[in-house]
Amino acid sequence: MTSIGTGYDLSNSVFSPDGRNFQVEYAVKAVENGGTCIGIRCKEGVVLAVEKIIVSKLLKPGANKRIATVDRNVGIVTSGLLPDGRHLTSRARDEASSWRRTYKSPIPINALAGRLGGYVQAYTLYSSVRPFGVTAIMGGWDTEGELEVDGQVGTGPTSGGGGKINDHDIGEKISRGGPGLYMIEPSGQYWGYYGAATGKGRQAAKSELEKLDLASPTNNLTLNEAVKEAARIIYVAHEDSKDKEFELEMTWISHEGGPTKGRHEEVPKELFDAAVKAAKKAMPEYDDSDDEQGEEGGDQMQE
Amino acid sequence: MNHFPQAWGRPRDDIYGPYDSSHLHSSLPQSHTQSPAVTGTSVLGVKFKDGVVIAADNLASYGSLARFTDVKRLRTFAGTSVIGFGGDVSDMQYLDRLLQSLDIRENYSSHGHSLNAKNLHTYLAKIFYKRRSDFNPLWNNVLVAGLDDEGKPFLSQADLLGTTFSAPTLATGFGAHLAQPLLRRLVPHDEGSVKDVTREMAIDAVKECMKVLFYRDARSSDRYSIAVVTKEGEIEMKEDEKLEGQSWAFADMIRGYGTQVN
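Please read all numbers here as calculations on a predicted model, not as lab measurements.

A. Expanded view of the overall build of chain A. Looking only at helices and strands, chain A has eight helices and 10 strands in total. The dimensions of chain A, computed from C-alpha atoms along their principal axes, are 75 × 60 × 35 Å. Counting all 303 residues of chain A, 44% fall into the buried class. Put simply, of all contacts in chain A between residues at least 6 apart along the chain, 70% involve residues at least 24 apart. Just so you have it, chain A exposes about 15900 Å², and 51% of that area is on carbon and sulfur atoms. Each charge class in chain A was averaged separately, 35 positive and 45 negative side chains, and the resulting centres sit 5 Å apart.

Okay, here's the thing in structure tokens:
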């Protein structure tokens, strides 16, 4: 960065003469070294996956979860400074519960993205704070069913004043809800995505995501396939930092009729293991004997 | 002139006279809910060897007016518990939202255990007791049906005072007088008899009692909901049942009943 040392990078909220906020750009640097996070949005739901670099052999495997649940139908995963990510998640939970208190229904995914974007952006405006050192990927499902009011006791009139609008009243299928995937950056900028990636391996992950052609209206990637792709992409993205061991964490949200019934949950063990196996198999240096060694030999088989 | 901050922005006493603060204090002490408004009547619950049956009718009354006829007073929580609410319907809605938010918070981390019926009952009883101690009670009498920590059938009651009670058969409201004695025939040796009660026996007894309650309780309806919670943690909920096999023959002999005035 040529402008380092010009003084414009020392305080948050100060523009450089060419219109940049250096503190925000430095925050992006913190993200660029974080573990790779990805999100895949398909017709049936959303999959989130993160590459957790194992920083110590003394950490308990499977503990220290990185993907958090917000309300029931949203998951957030962050890359960068983990405590900043925790704070952002906590804010998301507060936003979701305050939305429920006001509107007596779950917060729509796009509204939550907007609230978080606004919150993150506020941390670029004042010299007394620093920007968030995280990029968050947020996936969720807005229910496709009729939205109930929390605590509602009856069904209300079936027709007439206060009655319901049905498919046949307007002559077409009423379209409600669906998947949502958003990525929120340290600047507060957020976009909706078909596939999102951030962290160290984002370049490789993005090019893999593009190959999935998720934006195509004819794309028919199922949620199970999306889980397998997510696992594979994390393995591919890990190629550049192969010397470090990592742990994969994956969660998903399906439609109401799907396996998670519109909720954000961990991918069940069976599917997870199958996805990891397929991911390892797809790696270029895959060797059949790896499998047997891993399963039978355990630790002593390694070098 | 008074320059103290207390006087800032106020009309000057020397010109307008002292501020009349009498209207700030009403003559009555502050009071909260003294009686419920829109109410649901009895809830019935019976334990059987593999689960719990719970039922309540679908009526919400406004005084003696049958005001709302499609009110779901059996409500599921955390996927494995059913709570049947008697008493004030708006307080039921408040508790519904409260328990849902509790469930949401409980599921933020994936530690693998979720709220069971026993947890919900304990929590509810504490809420009730707190509110009655504030002289602002939640005007409900509830039955909680589900499973306990060991996965065994659980049925317990909590009321607006925070009082709790457990038995193999339970009934709230009018049902405590009319249905509970009939239900107890199912379990002559209390908890010891539960192993001999089958699912069908429990359902039949509850349905029979719903009928008796409809005959005798003027705030009841013939549309009701019934739920079965099984040991596997599954809930079979039916929300629009109609009382079957009614016989009003006994009413023939009664004078001053219904439209017959004398």
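B. Seen up close, the overall build of chain B. Counting its regular elements, chain B contains six helices and 13 strands. At 24 Å, chain B has a C-alpha radius of gyration far larger than the 18 Å of a compact globule built from 262 residues. Overall size of chain B, expressed as C-alpha extent along the three principal axes, is 85 × 65 × 30 Å. Per-residue burial for chain B yields a buried fraction of 44% across its 262 residues. For chain B, the proportion of contacts with a sequence separation of at least 24, taken over those separated by at least 6, is 62%.

C. Representation of the packing of aromatic side chains. Scanning the model with the defined rule gives nine aromatic pairs over all chains in all. When the ring of A:Tyr235 is compared with that of A:Phe246, the centres are 5.0 Å apart and the planes differ by 70 degrees; the resulting orientation is edge-to-face. Taken together, the residues span a long stretch of sequence, with A:Tyr235 in helix H6 (residues 223-237) and A:Phe246 in strand S9 (residues 246-254) at a distance of 11 residues. A network of ring pairs unites the aromatic residues A:Tyr119, A:Tyr123 and A:Phe132 as a single cluster. We note A:Arg93 situated over the ring of B:Tyr108; from NZ or CZ to the ring centre the distance is 3.9 Å. Above the face of the B:Tyr94 ring, B:Arg131 is positioned so that its terminal group lies 5.7 Å from the ring centre.

D. Region of the structure containing helix H6 (residues 199-216) of chain B. Compared with the 26 Å implied by 1.5 Å per residue over 18 residues, the 26 Å span of H6(B) between its first and last C-alpha is a close match. Where the residues of H6(B) are buried, they touch strand S2 (43-48), strand S3 (51-57), helix H4 (174-178), helix H5 (180-184) and strand S12 (223-230) of chain B.

E. Structural context of the UniProt feature "domain: Proteasome alpha-type subunits" (unreviewed entry) in chain A. Listed under "domain: Proteasome alpha-type subunits" (unreviewed entry) in the UniProt record, and renumbered for this structure, are residues 8-30 of chain A. Across residues 8-30 of chain A, the secondary structure splits into 39% helix and 0% strand, with the terminal C-alpha atoms separated by 19 Å.

F. Spotlight on the interface of chain B and chain A. Contacts between the two partners involve 15 residues from chain B and, on the opposite side, 17 residues from chain A. Summed over both partners, the interface of chain B with chain A buries about 1300 Å², with 45% contributed by carbon and sulfur atoms. Three residues, B:Arg97, B:Ile104 and B:Tyr108, lead the burial of chain B against chain A; their summed loss comes to 47% of the area buried on that side. Counting every contact that joins chain B to chain A gives one salt bridge. Across the pair B:Asp103 and A:Arg72 runs a salt bridge, and its minimum N-O distance is 2.8 Å. When its residues are assigned to classes, the side of chain B that touches chain A shows five nonpolar, four polar and six charged.

G. Quick peek at the pattern of salt bridges. Residue and element names in this part refer to chain A. Scanning all chains against the criterion turns up 30 salt bridges over all chains. A salt bridge links Arg100 to Asp71; the nearest nitrogen and oxygen atoms lie 2.8 Å apart. One end of the pair, Arg100, is in helix H2 (residues 82-103); the other, Asp71, is in the loop between strand S3 (67-70) and strand S4 (74-80), and 29 residues separate them in sequence. The exposure classification of Arg100 matches that of Asp71, with both residues buried.

H. Structural detail: the pairing of strand S7 (residues 81-88) of chain B. Residues and elements named next belong to chain B. For S7, the buried fraction is high: eight of the eight residues fall into the buried class. Two strands pair when backbone bridges link them, and strand S1 (residues 38-40) and S7 are joined in this way by two bridges, in the antiparallel orientation. Looking at the pairing, Thr39 lines up with Asp88 of S7. Pairing analysis gives four bridges linking strand S6 (residues 74-77) to S7, with the strands arranged antiparallel. In the strand pairing of S7, Leu74 is matched with Gly84.

I. Looking closely at the packing of H6(A) against helix H7 (residues 269-282) of chain A. All names here are of chain A. Viewed as axis vectors pointing N to C, H6 and H7 meet at an angle of 50 degrees, and their least axial separation amounts to 8 Å. Here H7 runs oblique to H6, going by the angle between their axes. Considering only the axes of H6 and H7, their crossing is right-handed. Between H6 and H7, the residues in contact are Asn224, Val227, Lys228, Ala231, Arg232 and Tyr235 and Leu271, Ala274, Ala275, Val276, Ala279, Lys280 and Ala282, respectively. For the contact of H6 with H7, the per-class residue count stands at nine nonpolar, one polar and three charged.

J. Spatial organisation of the packing of helix H2 (residues 89-106) of chain B against helix H3 (residues 117-133) of chain B. All names here are of chain B. Across the interface, H2 lies against H3 with an axial gap of 12 Å and an inter-helix angle of 130 degrees. Taken together, the axis directions place H2 and H3 in an arrangement best described as oblique. Like other packed secondary-structure pairs, H2 and H3 cross with a definite hand, here right-handed. Contact residues: Tyr94, Leu95, Leu98, Leu99 and Leu102 in H2; Leu120, Tyr123, Leu124, Ile127, Phe128 and Arg131 in H3. For the contact of H2 with H3, the residue count by class is 10 nonpolar, no polar and one charged.

K. Layout of the confidence of the model for chain B. Residues of chain B with pLDDT of at least 70 account for 97%, and the chain-wide mean is 92. Reported confidence for the predicted complex is 0.88 by ipTM and 0.88 by pTM.

L. Here's a closer look at unusual backbone geometry. All names here are of chain A. One non-glycine residue, Asn64, lies in positive phi territory at about 55 degrees. Within the secondary structure layout, Asn64 lies in the loop between strand S2 (45-53) and S3. In this structure, Asp213 is a non-glycine residue whose phi angle is positive, near 55 degrees. Topologically, Asp213 is positioned in the loop between helix H5 (202-211) and H6. Asp213 sits in the partly exposed class, given a relative accessible area of 44%.

About the criteria used
Residues numbered from 1 in each chain as written. Chains lettered and ligands numbered in written order. Predicted model: local features only at pLDDT ≥ 70, side-chain atom pairs only at ≥ 80, totals over all residues. Heavy atoms only, no water. Helix = DSSP H or I, 4+ residues; strand = E, 2+ residues; numbered from the N terminus. Buried < 20%, exposed > 50% of the residue type's maximum accessible area, 1.4 Å probe, protein only. Contact = heavy atoms within 4.5 Å. Areas by Shrake-Rupley, 256 points an atom, 1.4 Å probe, with all protein chains shown as cover. Lys, Arg positive; Asp, Glu negative; His and termini not counted. Charge placed at Lys NZ, Arg CZ, Asp CG, Glu CD. Rg over C-alpha atoms; globule rule 2.2 N^0.38 Å. Phe/Tyr/Trp six-rings, centres within 6.5 Å; stacked < 30°, edge-to-face > 60°. Lys NZ or Arg CZ within 6 Å of the ring centre and 35° of its normal. Expected span 1.5 Å × (residues − 1). UniProt positions renumbered as here; feature names shortened; annotations may be inferred. Buried area = accessible area lost by both parts, 1.4 Å probe. Salt bridge = Lys/Arg side-chain N within 4 Å of Asp/Glu carboxyl O. Nonpolar A, V, L, I, M, F, W, Y, C, P; charged D, E, K, R; others polar. Pairing = 2+ DSSP bridges. Axes fitted to C-alpha atoms, helices over the stretch in contact; angles between N-to-C directions. Parallel < 35°, antiparallel > 145°, perpendicular 65-115°, else oblique. Left-handed = near helix turned anticlockwise from the far one by under 90°. pLDDT = per-residue confidence, 0-100.

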